[in-house]
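# Structural description and commentary
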Amino acid sequence: MNRYERRQQARRERRQAAFREQMAQDIQPDFSDVPNGTLCQSIQMLIGELRDRGFPMYDFDHKERSLQQIQILGGKIYFLAAPEEGEADEETTQADEGI
């Protein structure tokens, strides 16, 4: 491959990369006009759907806790991460026994 062909190939690759980047930007949905309450309700529905399918979402810091709920309280967004049902029973039993 000579210099001219290498330059043509480089130009083609740059054009393709720019085209792909533009397409990716065009595909991105715009949620800037959606109210926060609606976004939280949508997230809550997705959390429930994933849990129903057997894929609970876990907390990074506390791996035994799964995401249960998202709510807006006083203008702030909060999430509730609780231990799994089986683990919650064990923790409650240990706390009751004083372990």
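Please read these numbers as outputs of a predicted model, since none were measured by experiment.

Calculation notes
- Residues numbered from 1 in each chain as written.
- Predicted model: local features only at pLDDT ≥ 70, side-chain atom pairs only at ≥ 80, totals over all residues.
- Heavy atoms only, no water.
- Helix = DSSP H or I, 4+ residues; strand = E, 2+ residues; numbered from the N terminus.
- Contact = heavy atoms within 4.5 Å.
- Areas by Shrake-Rupley, 256 points an atom, 1.4 Å probe, with all protein chains shown as cover.
- Buried < 20%, exposed > 50% of the residue type's maximum accessible area, 1.4 Å probe, protein only.

Turning our eyes to something else, we now look at the overall build of the chain. Helix and strand counts for the chain come out as three helices and two strands. For the chain, the succession of helices and strands along the chain, N to C, is α-α-β-β-α. Partitioning the contacts of the chain with sequence separation of at least 6, the portion at a separation of at least 24 is 21%. Working note: accessible area of the chain is about 8,700 Å², and carbon and sulfur atoms make up 53% of it.

Take the environment of Leu80 next. Of note, Leu80 is situated in strand 2 (residues 76-83). Taking the relative accessible area as the measure of exposure, Leu80 reaches 43% and is therefore partly exposed. Along the backbone, Leu80 and Ile70 are ten residues apart, and their C-alpha atoms lie at a distance of 6.4 Å. Other than its neighbours up to four places away in sequence, Leu80 contacts Ser66, Leu67, Gln68 and Gln69.

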